[in-house]
Amino acid sequence: MPGQRIVALHGFSQTARCWGPLAARLRGAGFDFSTPDLPGHGDAPEPAADMSTTAAIMAHIGGRATYLGYSFGGRVALRLAVDHPHLVERLVLISATAGIENDTERRERRTADDRLADVIERKGVATFIDEWVQLPLFAGVPERYRFRDERLRNSAAGLAASLRLAGTGAQEPIWHRLPEITMPVLVITGSLDTKFEQLGDRLAACIGSYAERLSITDAGHTAHLEQPEALSRQLLQWLERAEGVTPAEVTPTHDRSEQAER
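Okay, so let's go over this structure. (Residues numbered from 1 in each chain as written. Predicted model: local features only at pLDDT ≥ 70, side-chain atom pairs only at ≥ 80, totals over all residues. Heavy atoms only, no water.)

### A few points about the environment of Leu 178
Working step 1: Along the chain, Leu 178 falls in the loop between helix H7 (156-166) and strand E5 (185-190).
Working step 2: Once the C-alpha coordinates of Leu 178 and Leu 78 are considered, the two residues, 100 residues apart in sequence, prove to be 8.7 Å apart. (Helix = DSSP H or I, 4+ residues; strand = E, 2+ residues; numbered from the N terminus.)

As structure tokens, this is what we get:
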């Protein structure tokens, strides 16, 4: 297990340096924990792009590895897994979705994303970040892990373009493609994040026998920053179990009764 590569894809408005204790824990366990900036974020040389192009860019940067993605990064990692499965040894998804299937709801979300992009361009990154991290969705994140200064490295143009091109409203839903996945998958959500608990259940069910489901107790949308020790411990246990597993050896594991300790 030590020396294995993990490519971690961050969330919207974060950067490669926003993984907090999880990065230190995995590196301390001997993993090569790579954290690239997503297109439109941080120091990424690539401009923001649509979801399929973003996934292709990250596949080129990351190569063959275990891919871990949170929220926006989880959507990218999931698309990468279906478009470039030969590069994904294992897949870890934190608070991810395969998109919005209903056409009307997707149009409404795209309109909302476009409006938010306009707000970012009008108000600037600093004001947007201050408002963004105060959303109820991130209420459980400790102040030191909100990474305000790090997020300020992002540009208004980059974040706005990312929303317009690769936001949930612009994303092509890929629920119908999830049965194509044949690598070990760990689907993680926080127990307090009701919406993504349901989405996580569905992701695991659609992927089928290759997926394991984990709900982190007393955590919300950003479980790896709200309960980093509990998540890190269970993630390391899963990585050890999944090491060297081939599709033929994977058995269904959808029991959600074993939740992380606080």
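### Focus on the pattern of salt bridges
Working step 1: This structure, assessed with the given rule, holds 22 salt bridges.
Working step 2: Of the charged contacts in the structure, one is a salt bridge between Glu 150 and Arg 17, with a shortest N-O distance of 3.7 Å. Highlighted residues: Glu 150 in helix H6 (residues 148-151) and Arg 17 in the loop between strand E1 (5-9) and helix H1 (21-28), separated in sequence by 133 residues.
Working step 3: On the accessibility criterion, Arg 17 (53% relative accessible area) is exposed.
Working step 4: The exposure class of Glu 150 is buried, given its relative accessible area of 12%.
Working step 5: A single network of salt bridges, built from pairs that share partners, joins Arg 17, Asp 37, Asp 43, Glu 150 and Arg 153. (Salt bridge = Lys/Arg side-chain N within 4 Å of Asp/Glu carboxyl O. Buried < 20%, exposed > 50% of the residue type's maximum accessible area, 1.4 Å probe, protein only.)

### Side note on the packing of aromatic side chains
In this description, a pair of aromatic rings is defined by centroid distance and the angle of the planes.
Working step 1: Using the criterion set out here, one finds six aromatic pairs in the structure.
Working step 2: The interplanar angle of 80 degrees and the centroid separation of 5.7 Å between the aromatic rings of Phe 12 and Trp 132 together place this pair among those described as edge-to-face. Of the two residues, Phe 12 is situated in the loop between E1 and H1 and Trp 132 in helix H5 (residues 125-132); the sequence distance between them amounts to 120 residues.
Working step 3: With relative accessibility at 13%, the residue Phe 12 sits in the buried group.
Working step 4: For Trp 132, a relative accessible area of 17% puts it in the buried group. (Phe/Tyr/Trp six-rings, centres within 6.5 Å; stacked < 30°, edge-to-face > 60°.)

### Comments concerning the pairing of strand E3 (residues 65-70)
Working step 1: Most of E3 is tucked away, with six of its six residues classed as buried.
Working step 2: Inspection of the sheet shows E1 paired to E3 by four bridges, in the parallel sense. Directly across from Ala 8, in E3, lies its bridge partner Leu 68.
Working step 3: Bridge analysis of E3 against strand E4 (residues 88-94) gives six bridges, and the strand direction is parallel. Paired with Thr 66 across the two strands is Arg 90, which belongs to E4.
Working step 4: Traced from E3 through helix H3 (residues 72-83) to E4, the parallel crossover comes out right-handed. (Pairing = 2+ DSSP bridges. Right-handed = clockwise from strand over helix to strand, strands pointing away.)

### Description of the sheet that holds E5
Working step 1: Read across the open sheet, the six strands follow the order E2-E1-E3-E4-E5-E6; overall the sheet is parallel. Bordering the open sheet on either side are strand E2 (32-34) and strand E6 (211-216), each of which pairs with just one other strand. Taken over all neighbouring pairs, the strand axes of this sheet differ in orientation by 20 degrees on average, direction set aside.
Working step 2: In this sheet, E5 lies alongside E4 in parallel orientation, the contact comprising four bridges. (Axes fitted to C-alpha atoms, helices over the stretch in contact; angles between N-to-C directions.)

### Thoughts on helix H4 (residues 103-123)
Working step 1: Between its terminal C-alpha atoms H4 stretches 30 Å, which fits the 30 Å expected from 21 residues at 1.5 Å a residue.
Working step 2: Looking at the packing, one finds that the buried side of H4 touches H5 and H7.
Working step 3: For H4, the capping residue at the N-terminal end is Asn 102, with a side-chain oxygen 3.0 Å from the backbone nitrogen of Thr 104.
Working step 4: After H4 finishes, the residue Gly 124 shows a positive phi value of roughly 95 degrees. (Expected span 1.5 Å × (residues − 1). Contact = heavy atoms within 4.5 Å. Polar contact = N/O pair within 3.5 Å; in protein donor to acceptor, adjacent residues only side chain to side chain.)

### What to know about H1
One full turn of an α-helix is made of 3.6 residues, so residues set three or four places apart face in the same direction.
Working step 1: When we look at burial in H1, the residues that qualify are Pro 21, Leu 22, Ala 23 and Leu 26.
Working step 2: Looking at the packing, one finds that the buried side of H1 touches E1, E2, E3, helix H9 (223-226) and helix H10 (228-242).
Working step 3: Directly after H1, the chain includes Gly 30, whose backbone phi takes a positive value near 100 degrees.

### Re the side chain of Arg 79
Working step 1: Relative to the helices and strands, Arg 79 is located in helix H3.
Working step 2: For Arg 79, a relative accessible area of 9% gives the class buried.
Working step 3: For Arg 79, the residues in contact, after removing those within four places along its chain, are Met 51, Ser 52, Ala 55, Glu 172, Ile 174 and Arg 177.

### Remarks on the nonpolar core
Working step 1: With 79 residues, the main nonpolar core has Leu 91 and Leu 235 as its most contacted residues.
Working step 2: At seven residues, H3 tops the list of elements feeding residues into this core.
Working step 3: The contact partners of Leu 91, leaving out residues within four places of it in the chain, are Tyr 67, Ala 77, Leu 78, Ala 81, Met 183, Pro 184, Val 185, Leu 186 and Trp 238. (Core = buried A, V, L, I, M, F, W, Y, C linked by side-chain atoms within 4.5 Å.)

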